[in-house]
Amino acid sequence: MTFQGGGPLDTGNVSGGGGGRGRLALGGGAGLIVIVVAALLGIDPNAIGLGGDETGSSTSSQQSAIDEHIQSCTIEKANVDTVCRIVATTNSLDLVWSNIMPGYEPPQTKIFSGSVDTACGPATSDVGPFYCPGDQTAYFDPTFFDVLSDQLGGSDGPLAQEYVVAHEYGHHIEYLTGALEKGQRMGAAGPTSGSVRIELQADCLAGVWAFNADKGPDAMLAPLTQQQISDVIQTAKAIGDDAISGDSSNPEGWTHGSSDQRVRWFNVGYDRGDAAACDTFAAGSL
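Residues numbered from 1 in each chain as written. Predicted model: local features only at pLDDT ≥ 70, side-chain atom pairs only at ≥ 80, totals over all residues. Heavy atoms only, no water.

As recorded by an unreviewed UniProt entry, the chain carries the name Neutral zinc metallopeptidase and is attributed to Williamsia marianensis. The heading Subcellular location (unreviewed entry) in the UniProt record of the chain holds the text "Membrane". (UniProt positions renumbered as here; feature names shortened; annotations may be inferred.)

Laid out in structure tokens, this is it:
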């Protein structure tokens, strides 16, 4: 169990989606139509078999089914159901960030199947979870979590999945603070690129959420265990650039940071619980 308590979840900022044209339009556009900051993984999706359909396989009936699923979610169901776990995590994230960040404005979250249209362009499940600053929305196809555990070596533990959601919310925090735009001006690839700094900061911000999410009288998460944190560490290691490529000798193509870096920055956020500790742009060493 990760979530404590019972009752319905707030679904006001969460909706179902799908039926898009099916290719992510990267780069371009007025200021904040971001490159691959969107995706959790900086890899070729075809190499791992993520199941997007470039023709837009998700129908309106599928979207309606997702919406109905979302509306049925409760805290109890969030402990056993992936869609409801995403919804509950957004509730927890909004609670934490509204408490610790002055002026926090929540993003939207869209749970889709197959493909979806966004303000950053059409996308398929191939890109993994992503955040689009153009519409301030985090996008998730729940089937990604099966790929994460079955093919990439990540954990299938609940907190590991919640870390993925918190990472994308981290990009929204970066949008609000201006860090996202700053990173875009610093390059899309390389060991000290803006892209890597953005991604590592989002990992750190996910750690800040984890530190705060089980504290206080309104905490939605039950006290976290060391095993749950180990599940997150396993997942962060699995999605480092060196782990994905199998080669740590050529960091010039990195977009998200190494396994060790991803673990380090999550731990910085989790150990300190303070977003001020997550300034990867000021860090002398990543």
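This part takes up helix 10 (residues 259–272). If you check helix 10, its first and last C-alpha atoms are 20 Å apart, about what 14 residues at 1.5 Å a residue would give, namely 20 Å. Taken as a whole, helix 10 has its buried residues at Ser 259, Gln 261, Arg 262, Val 263, Trp 265, Phe 266, Val 268 and Gly 269. Buried residues along helix 10 sit against helix 5 (158–177), helix 7 (194–213), helix 8 (226–238) and helix 9 (241–245). Just beyond helix 10, the residue with positive phi is Gly 273, at close to 65°. (Helix = DSSP H or I, 4+ residues; strand = E, 2+ residues; numbered from the N terminus. Expected span 1.5 Å × (residues − 1). Buried < 20%, exposed > 50% of the residue type's maximum accessible area, 1.4 Å probe, protein only. Contact = heavy atoms within 4.5 Å.)

All right, on to the nonpolar core then. The biggest cluster of nonpolar side chains holds 59 residues, and the ones touching the most others in it are Trp 97, Ile 111, Tyr 163, Trp 209, Leu 221 and Phe 266. Of all the elements, helix 7 adds the most residues to this core, at 9 residues. Excluding residues within four positions of it along the chain, Phe 266 makes contact with Tyr 163, Asp 203, Cys 204, Ala 206, Gly 207, Ala 210, Ile 229, Val 232 and Ile 233. Formed by 8 residues, the second largest nonpolar core is a distinct cluster that contains Val 116, Cys 120, Ala 123 and Tyr 139. (Core = buried A, V, L, I, M, F, W, Y, C linked by side-chain atoms within 4.5 Å.)

Where helix 8 contacts helix 10, the axes come no closer than 8 Å and their chain directions differ by 145°. Pair helix 8 / helix 10 crosses with right-handed handedness. Packed against helix 8, whose contacting residues are Ile 229, Val 232, Ile 233, Ala 236 and Lys 237, the element helix 10 presents Ser 259, Arg 262, Val 263, Phe 266, Asn 267 and Tyr 270 at the interface. The class makeup of the residues in the contact of helix 8 with helix 10 is 7 nonpolar, 2 polar and 2 charged. (Axes fitted to C-alpha atoms, helices over the stretch in contact; angles between N-to-C directions. Left-handed = near helix turned anticlockwise from the far one by under 90°. Nonpolar A, V, L, I, M, F, W, Y, C, P; charged D, E, K, R; others polar.)

With respect to the helices and strands, the residue Ser 258 is situated in the loop between helix 9 and helix 10. Setting aside residues no more than four positions away along its own chain, Ser 258 makes contact with Gly 240, Asp 241 and Asp 242.

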